[in-house]
Structure formats: C-alpha cells, structure tokens
Amino acid sequence: MATNKELADLIFPDIKETVKDLEKRFPPRKLKPGAEVTRFAPSPTGFLHTGSLFTALIAYKFARQTDGIYFFRLEDTDQKREIKGTGLDLVNQLANFDIISSEGYFGDYEKGEYGPYTQSKRADIYKIVIKELIKKGRAYPCFCTKEDLEQLRLVQEANKVIPGYYGEYAKCRHYSVDEAIELIKSGKPYVIRFKSKGNHLNHIRVHDEIRGDMDLSQNDQDIVILKSDGLPTYHFAHLVDDHFMGTTLVTRGEEWISSLPIHIELFESMGFKPPKYAHLPVIMVNDKETGNKRKLSKRKDKEAAVSFFLEEGYPKLGIIEYLYTIANSNFEAWLMENPNTSLDEFKLDFNKFSLDGALFDLPKLAFISKEVLSHLNKDEFTAQCLAWAKQYSPETTKFIENDIDRFKKIINIEREQEKPRKDYEKFSDVLPKIRFFDKDAYDQALNQPLPYNEFISKEVIKALLIEYRDHLNLDCDEQTWFNDMKALGKKHGFADDRKVYKKDPQSYNGWYADCIAIIRVTICASTNAPKLYDVLQILGKEEIIRRVNLALSKIQ
Ligand code: GLU
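Report on the accompanying structure.

Thresholds, definitions, all that
- Residues numbered from 1 in each chain as written.
- Predicted model: local features only at pLDDT ≥ 70, side-chain atom pairs only at ≥ 80, totals over all residues.
- Heavy atoms only, no water.
- Helix = DSSP H or I, 4+ residues; strand = E, 2+ residues; numbered from the N terminus.
- Buried < 20%, exposed > 50% of the residue type's maximum accessible area, 1.4 Å probe, protein only.
- Polar contact = N/O pair within 3.5 Å; in protein donor to acceptor, adjacent residues only side chain to side chain.
- Near = heavy atom within 4 Å.
- Areas by Shrake-Rupley, 256 points an atom, 1.4 Å probe, with all protein chains shown as cover.
- 1 Å grid on protein atoms, 1.4 Å probe; cavity = no way out; pocket = protein on both sides within 12 Å on 5 of 7 lines; lining within 4 Å.
- Sits in = over half its atoms within 2 Å of the grid points.
- Nonpolar A, V, L, I, M, F, W, Y, C, P; charged D, E, K, R; others polar.
- Points joined across faces, edges and corners; volume = space filled by probe spheres on them.
- Core = buried A, V, L, I, M, F, W, Y, C linked by side-chain atoms within 4.5 Å.
- Contact = heavy atoms within 4.5 Å.
- Pairing = 2+ DSSP bridges.
- Axes fitted to C-alpha atoms, helices over the stretch in contact; angles between N-to-C directions.
- Expected span 1.5 Å × (residues − 1).
- Phe/Tyr/Trp six-rings, centres within 6.5 Å; stacked < 30°, edge-to-face > 60°.
- Lys NZ or Arg CZ within 6 Å of the ring centre and 35° of its normal.
- Patch = residues over 30% accessible without salt bridge, like charges linked within 9 Å, V, L, I, M, F, W, Y side chains within 5 Å.
- Salt bridge = Lys/Arg side-chain N within 4 Å of Asp/Glu carboxyl O.
- Lys, Arg positive; Asp, Glu negative; His and termini not counted.
- Charge placed at Lys NZ, Arg CZ, Asp CG, Glu CD.
- Parallel < 35°, antiparallel > 145°, perpendicular 65-115°, else oblique.
- Left-handed = near helix turned anticlockwise from the far one by under 90°.

Moving on, we get to the side chain of E543. Mapped onto the elements of the fold, E543 is located in helix α24 (residues 541-554). Classification of E543 by relative accessible area gives buried; the value is 7%. Looking at E543, its side chain comes within polar contact range of the side chain of R547, at 2.6 Å.

The next thing to look at is the site of the ligand. Around the ligand sit R39, A41, S43, E75, Y234, R252 and W256, and that is every residue in its neighbourhood. One of the side-chain N or O atoms of W256 is found 3.4 Å from an oxygen atom in the ligand. Burial of the ligand by the protein amounts to 80% of the accessible area it has alone, namely 300 Å². One can see that the ligand is located within the largest pocket. When its residues are assigned to classes, the shell around the ligand shows three nonpolar, one polar and three charged.

This part takes up the layout of surface pockets. Where empty space is left becomes clear once a probe the size of a water molecule has been rolled over the atoms. Empty space within the largest pocket amounts to approximately 1100 Å³. Sorting the residues of the lining of the largest pocket by element identifies β1 (37-40), α3 (50-65) and β10 (249-253) as the ones contributing at least two each. Looking at which element gives the most residues to the lining of the largest pocket, the answer is α3, with four residues.

On to the nonpolar core. Grouped together as the largest cluster of nonpolar side chains are 114 residues, with contacts concentrated most on I225 and F236. No other element matches the nine residues that α3 contributes to this core. Ignoring sequence-local partners within four residues, the contact set of I225 consists of I130, L133, A139, I192, R193, F194, L231, P232, T233, F236 and L266. Judged by nonpolar contacts, the second largest core, of 60 residues, contains F427, L472, W481 and Y501.

Another aspect to go through is the sheet that holds strand β5 (residues 139-142). Pairing within the open sheet is antiparallel, and its three strands lie in the order β5-β6-β9. Each edge of the open sheet carries a strand with a single partner, namely β5 and β9 (224-226). Taking the axes of each pair of neighbouring strands and ignoring which way they run, one obtains an average angle of 45° across the sheet. Relative to strand β6 (residues 191-194), β5 runs antiparallel, the two being bridged by four bridges. Of the residues in β6, the one forming a bridge with P141 is I192.

The end-to-end C-alpha separation of helix α6 (residues 146-158) is 18 Å, in line with the 18 Å expected for 13 residues at 1.5 Å each. Just beyond α6, the residue with positive phi is K160, at close to 50°.

Once that is clear, we can look at the packing of aromatic side chains. Under the criterion given, the structure shown has 34 aromatic pairs. With a centroid separation of 6.4 Å and an interplanar angle of 35°, the aromatic rings of W388 and F427 are classed as tilted. Note that W388 is positioned in helix α14 (residues 378-392) and F427 in the loop between α16 (404-411) and α17 (430-434), a separation of 39 residues in sequence. Its relative accessible area of 4% is what places F427 among the buried residues. Through pairs of rings, three or more aromatic residues link up here, namely F308, F309, Y314, Y322 and F360. Against the face of Y114 rests R29, its NZ or CZ located 4.1 Å from the ring centre.

Negative charge collects at one region of the surface, where E6, D178, E179 and E182 lie side by side. The element that contributes the greatest number of residues to the negative patch is helix α7 (residues 177-185), accounting for three residues. Within the secondary structure layout, E182 lies in helix α7.

Glancing now at the packing of helix α19 (residues 458-470) against α24. Packing of α19 against α24 brings their axes to within 10 Å, and their N-to-C directions diverge by 160°. In terms of orientation, α19 and α24 fall into the roughly antiparallel class. Once α19 is placed against α24, the crossing between them reads as left-handed. Of the residues in α24, those touching α19 at K462, L465, I466, Y468 and R469 are I544, I545, V548, N549 and L552. Residue composition of the contact of α19 with α24, grouped by class: seven nonpolar, one polar and two charged.

Spatially, β1-β2-β3-β4 is the arrangement adopted by the four strands of the open sheet, whose pairing is mixed. Of all the strands in the sheet, the pair left with one neighbour each is β1 and β4 (110-111). Bridge count between strand β2 (residues 69-72) and strand β3 (residues 103-105): two bridges; the pairing is parallel. In the strand pairing of β3, F72 is matched with G104. Against the sheet, α3 contacts β1 and β2, and its axis sits at roughly 160° relative to β1. Relative to the sheet, helix α4 (residues 86-96) contacts β1, β2 and β3, its axis offset from that of β2 by approximately 145°.

Turning to the environment of L373, a few remarks are in order. On the secondary structure map, L373 appears in helix α13 (residues 362-374). Along the chain, L373 and K295 lie 78 residues apart, while their C-alpha atoms are 29 Å from each other. Among residues more than four places away in sequence, those in contact with L373 are P315, F381, R415, Y424, E425, K426 and F427.

Turning our attention to the pairing of strand β12 (residues 283-286). Examined bridge by bridge, β12 and strand β14 (residues 358-359) share two bridges and lie parallel to one another. The residue of β14 that forms the bridge with M284 is L359. When β12 meets strand β13 (residues 293-295), the two strands line up antiparallel, connected through three bridges. Looking at β13, one finds that N286 is bridged to K293. Connecting β12 to the next strand, β13, in antiparallel fashion are six residues, including G291 with a positive phi near 80°.

Structure representation (structure tokens):
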C-alpha cells in the first residue's frame, strides 16, 4: 500500500523544500509589542473601488497607529479575471491618498523580505505547503470533471441537502492512495482539495475585532486549494501568505465572514496561529429607485469608483476624513474638537465601528470637503487646484496659468480669515464660479439676458447703473463702499433698512441688498458670486465701466 508521502512526491516531484525551510526563510518579524502587521490585498481586476480605498485606509491606519507594518500584496491567482496594468494603477491611486506601503508590490518592482508579494510568483511556496498537507493526509487530488460536479449539484438539489463537495459527496476523498496514484499515472487531470475534518452541525466560536465573538458552523467543505493551472484559490493563498508574511491583523470586507470557518480550519490543519480578523462593513447607498439600502455598485453608482472623486476634484483630505466618519462614530466629534490636528493623532478603534452597512452619503462628503477646502490658504489651494486641473481640466489650467496672482486673489476672497467662506466643494466647482472674471467669459454670458430681479423696472436699473458708473469710486475701504452703495440705493428708491422696506414695500423699489444685487448681476452676470467689494477691487475701474456699458446696451 502506497503512502501519502509517495502520493505527495508523485504530485510534486520537484518540490524539495519543506514548511520548516519556509519558516526559516521567513522568520518572525521583530516588532515592538502591540505593533500590527496589516495588508491590503486586492485583485487586479479593475479600478479602485471606494470600498477598497476604505479597506486599504483602515489597514494602513492600524499599522501606522501601532508603529507596525502595512504592506501591499497583489492577489492575482484568478488570471481569467485579471486586467493587465490594474495592479500598478491600484498602487498609484492609493499613493494619491498617501496610503503608501513600506513593503510589498509596487508595480514594476517589489520591496521587502517576505516576498514575492505577487501571488502568481509564489506558486512554489504554495506547493511546499500543499505537499505537506498531502503528506499529512489533509489534502488529496480530485479528478471530478465539471460534468461530475454539475451532476453532484443536481443530486444535492433534488435531495435538498447543503450543496458542495463534502463528506459522502466528496467522491475523490474516498479513493485510497493507490487508487489516486493510479489515476494520476493514467494522466487524468486533477485539482487538489483540502480534506476537512469538520461537521457543519458543530459550531465554532470565532472572534472578530469588530463584531466580537461569533458562533459559526464548522467547515466541512473539501475546498479546492490548488487549481488545475497550478495556482491556489484565495482561501489557501491567504493562509500561506498571511502566515509567512507575518500578518497579525487581517482587515477585509465582511463578505469573507462566511468563509472564516474554512480559514480557521486551514490554519489549524497546518498548526499555524491565525491572525486577528476585522471584517469591515460594506459601504451601502440608498437606492434612488427603491429607497432601500443596497451595496455600492460599480454598475449603478458613480461614487463606487474612487476615480469619480479624483476627476471631480474632491480634496483628498476630505475623502479620507469622510471615510473615517464612516469607520468610527466618534471621529466627527474628534475632528471638531481638534480642527488643526494631524489625522495621525486620531486613533481608530474597532469598538467604535458601526455594524450596519455604512451608508455612503455624498452631501456629507460635500460638507466635509467644503470645510477642508475653505481652510487651505491661497497658496495651498492654488497648488492643489492646479495639480488637479493639470490632470483633469485644461480650461481651469488655462484660467489659473493665465494670471496666477490674479487667481490667488480671486480664490482668496473671504479665505485666510477666522471663519472662511465655504465656496467650493471640489476643484471642478472653481471655474464655473469665477469664470466671469475673464472678459471673454463675461461677454459670452451677455448672450443671455442678465438675471435681474424681474420686479424691478428696467428704468430703475438703468438709472441706477448710470449713476453707479459715473460716480464709481474704488479707492475706499469696504465700509465706505458699503455706505456709498446704500446712499446710491436710497437715491433710487431703495430703502436703507430691510425692516423699513418690509413695512411699506409699495413705497420702495426694494431695499439696499436689492440695489447691490443689481450691481452684482451687472458685473458678474450671475446672482451668485464671491463678495462683491472684493470682486470689484480685482476687476478694476476700467473693466467695471466696460461691463456696465455693455449691460446697459443690453437692457431694452
Ligand atoms: N483579494 C481579496 C479581495 O480582493 C482579498 C481579501 C483579503 O484582504 O484577504 O477581496
């Protein structure tokens, strides 16, 4: 009777190294107590999903706040789903958010002593471990074809039993070693399956850093661990990689909770200590049609792709702060109390994670982003806006580069003060709001009627504008300018007090804010513009007079 060792040698004749050798090759990391080794382990199957950015951020943060190590591993064992080049894209997109690993996969190169960090380059490492499992009788070759498995599924469906390859249904686990050897020698193709000792009627208690202890059914599935292409499945690769890379804390999506019993059994079968697990809540949205909560979907939601936020020019810090609000319920309060403190000072805490799917809330992100953008000084704002524009908006680039000092003056209106104005949510908002400063843009806007208050007669507007133009005075401080405007309004039938106007509206054309609005519309071609006094100072006398004349010529 042949032994498991003979079977293992037949399957892997070239694998000479053992698990012991691997333990020597990848010795335990020297870390200070409490330091966590975390990782982000995406598959190169497309763009960076917002949920993946969240996962990466959490992994990065836990390593950072414990003085541990965060590394990037590329999980490319499903080569059919791989989209070439996306691995490097993921690294680069994360780097945008300063999520930069200290070791791992970096696209064209790798760094670190625990590599390779690309799963497709680790085939031999997996085989060493699988060889050991076969020797121990905890893995076996399975010769079932697709048709066999389909047949099995039908039988299980008809018998209303749990589907899968396990127990009595796991045909190939019942072959003797001799039979298996014979089938291999006959050239029959096979995969390698794990031989489970579990029973799904038994329960196991597993700890999750976020959810606490969970009672789950024991694994009894003989899952495939090595596919016919010589690469492992996720479950097995994760066991080997996280063990030999010294991961102490696995942060991954909650869709993996149901696989946890498999992972726990795999770790046990090898005598490896499992890492701590934190299964992160999935990011949800309110479906516009049904009103129900559902997963953020690549197909339906623009917010599912991180590139959407980058293209729109949301500030990166705003996005990170927003993701922290999703992660920890106390983050917002912390931020309010510590507005000028580095986010490094905030300590993420698994106990403060919400368990329900976190709801992605664009208005909330907008609120946070406005806050972040309003607190940049003019130089920081300009640098970030220009960097964004160079990548995504040639028009904005042109506007800025045309006269960068003027741009700084424009975006500095009501900035760099104690309570800065929150004008911009994202950099793509900038140009539409300030384009009117350009002569050509203003002239073009005049192709449409100017949006004056329709309750004020054209005659009143004209008379007001003529007087404004003829007595234009910019060499004054804001208060004087404001008083001048009030006086001008009063002369043309605008009350200098709101209450006075409200009491007797019939006797007035409006109040002084209506008078200022007429000037604003004339100069900015919009009812909504940055503070008028500053706008006028930037435009200068000549351009203001030109605009008033143009506007007058259009008012019929
Ligand atoms: N490649 C897996 C995924 O993208 C990784 C899960 C994990 O972090 O272990 O979901």
